[in-house]
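Coordinate analysis (summary)
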Amino acid sequence: MPFFLGPLGALRELPSPAPDKAPEATATRVGAVHRSLTGRPTIDRIAVRRTWVLSWPYLDPGSAAYLDALHLGLLDGPLWLIDPQRVNRLPVQAAATGTGLRSVQGFTATGGTLRWISQPSPLPLSGGLRWEAPPGGGQLTADTEVPALPGEPVTFSAYVSAEVAVRAVVAAYTASGAQLTLTEGTPITPGPTLRRTHVTALVPATAAYLRLGLLLPTGGPGGAVTTQAWQAEAAPQPTPWAPGGGSAVVALDSVTTAYPLPGLHGTTVTLWEV
């Protein structure tokens with residue numbers, strides 16, 4: 001799958017970068033390193049942000065003009081990038097169900113109480129979310145948009161433990177925020193052991209992005225729901241969980257251009273994760 005870049009609802013496929021110069025996606029820690037009197041280091045991790053560098057030795061005029069337009073700010077943002085090398089399109093905080101910040105930031109529950117808890121996991125995670133859901137039903141949702149391409153299958157999966165019935169749901173929206181569809185998975189009652197549930201949605205032709213969540217049936221009992229390791233991927237079935245970062249809001253920092261042949265552009269773009 002190629003890289004896609006642009007505003008939600010207007011993502012454009014980019015040509016394959018040069019085979020002799022692999023795309024770069026460098027992750028940089030934002031923070032500082034402190035040392036105690038004994039020399040022991042302590043690393044402050046405020047955030048981790050990536051920088052992509054994509055190069056083309058012979059870029060066609062249409063693609064070069066599109067990158068110039070983005071660099072000149074001629075299209076309203078924010079700009080999104082889909083990175084095909086990262087399976088999970090959720091940001092790290094959502095993919096890790098709060099473990100990135102050890103908080104519930106980025107999640108909304110329609111009722112009850114929601115908190116991040118430390119919990120053993122079969123995955124490389126120190127914890128997840130615990131939702132004390134009220135009777136009568138409700139929904140736990142990740143607040144982030146998940147960029148999607150018309151016609152592609154997107155599978156949302158999550159590990160869940162609960163004594164009440166839970167189902168995975170995917171809602172599709174237009175670029176203006178109008179909901180188009182809601183796809184619901186099969187309800188499961190996983191019990192005290194984490195089990196993976198999933199749902200696959202076909203992205204409508206006019207959809208720009210998706211929102212993901214867990215749904216308790218209307219009129220049902222309340223109860224505790226624990227969840228970890230959410231994933232949104234362009235696939236008909238779930239694959240092993242990855243920490244996220246398959247899509248990101250980016251700023252186009254620079255476009256360098258050479259003219260190797262008439263009508264073609266030797267182009268390198270640098271994108272910063274916002």
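First, a word on scope: everything that follows refers to the structure included in this document.

Parameters at a glance
Residues numbered from 1 in each chain as written. Predicted model: local features only at pLDDT ≥ 70, side-chain atom pairs only at ≥ 80, totals over all residues. Heavy atoms only, no water. Core = buried A, V, L, I, M, F, W, Y, C linked by side-chain atoms within 4.5 Å. Buried < 20%, exposed > 50% of the residue type's maximum accessible area, 1.4 Å probe, protein only. Helix = DSSP H or I, 4+ residues; strand = E, 2+ residues; numbered from the N terminus. Contact = heavy atoms within 4.5 Å. Phe/Tyr/Trp six-rings, centres within 6.5 Å; stacked < 30°, edge-to-face > 60°.

1. As for the nonpolar core
Core analysis: the biggest nonpolar cluster contains 39 residues, and Phe156, Leu210 and Trp230 have the highest contact counts within it. When contributions to this core are tallied by element, the ones reaching two or more residues are helix H2 (92-95), strand E10 (127-133), strand E11 (138-142), strand E13 (153-162), strand E14 (167-173), strand E16 (191-202), strand E17 (209-216) and strand E18 (223-233). Here the element with the most residues in this core is E13; it accounts for six residues. Excluding anything up to four places from it in sequence, Leu210 contacts Thr144, Glu145, Val146, Ala148, Val154, Val170, Ala171, Ala172 and Val203. Core analysis: the next-biggest nonpolar cluster, separate from the first, contains 19 residues, Leu14, Leu70, Val255 and Leu271 among them.

2. A short note on unusual backbone geometry
In this model, Gly77 is joined to Pro78 through a cis peptide bond whose omega is 0°. Take Pro78: it is sitting in the loop between helix H1 (61-71) and strand E7 (79-82). The phi torsion at Arg102 lies on the positive side, around 50°, for a residue other than glycine. Residue placement: Arg102 occurs in the loop between H2 and strand E8 (107-109). Owing to a relative accessible area of 48%, Arg102 belongs among the partly exposed residues under this scheme. One non-glycine residue, Ala229, lies in positive phi territory at about 55°. Along the polypeptide, Ala229 turns up in strand E18.

3. What to know about the packing of aromatic side chains
Within this structure, the stated rule accounts for three aromatic pairs. Between Phe107 and Trp230, the aromatic rings sit 5.4 Å apart at their centres with planes inclined by 85°, giving edge-to-face as the arrangement. You can see Phe107 sitting in strand E8 and its partner Trp230 sitting in strand E18, a full 123 residues away along the chain. In terms of burial, Phe107 and Trp230 fall into one category: buried. Ring centres 5.3 Å apart and planes at 10° place the aromatic pair Tyr173 and Tyr209 in the stacked group. On the criterion of sequence distance, the pair formed by Tyr173 in strand E14 and Tyr209 in strand E17 is long-range, its members being 36 residues apart. Assigned by exposure class, Tyr173 and Tyr209 land together as buried. In this structure an aromatic cluster arises from ring pairing among Phe107, Phe156 and Trp230.

4. Observations concerning the environment of Gly191
Positionally, Gly191 belongs in strand E16. As a C-alpha pair, Gly191 and Ala22 span 169 residues in sequence and 46 Å in three-dimensional space. Once residues within four sequence positions are removed from consideration, Gly191 is found in contact with Ser161, Ala162 and Glu163.

Spatial relationships are all this shows, so hold off on functional conclusions.
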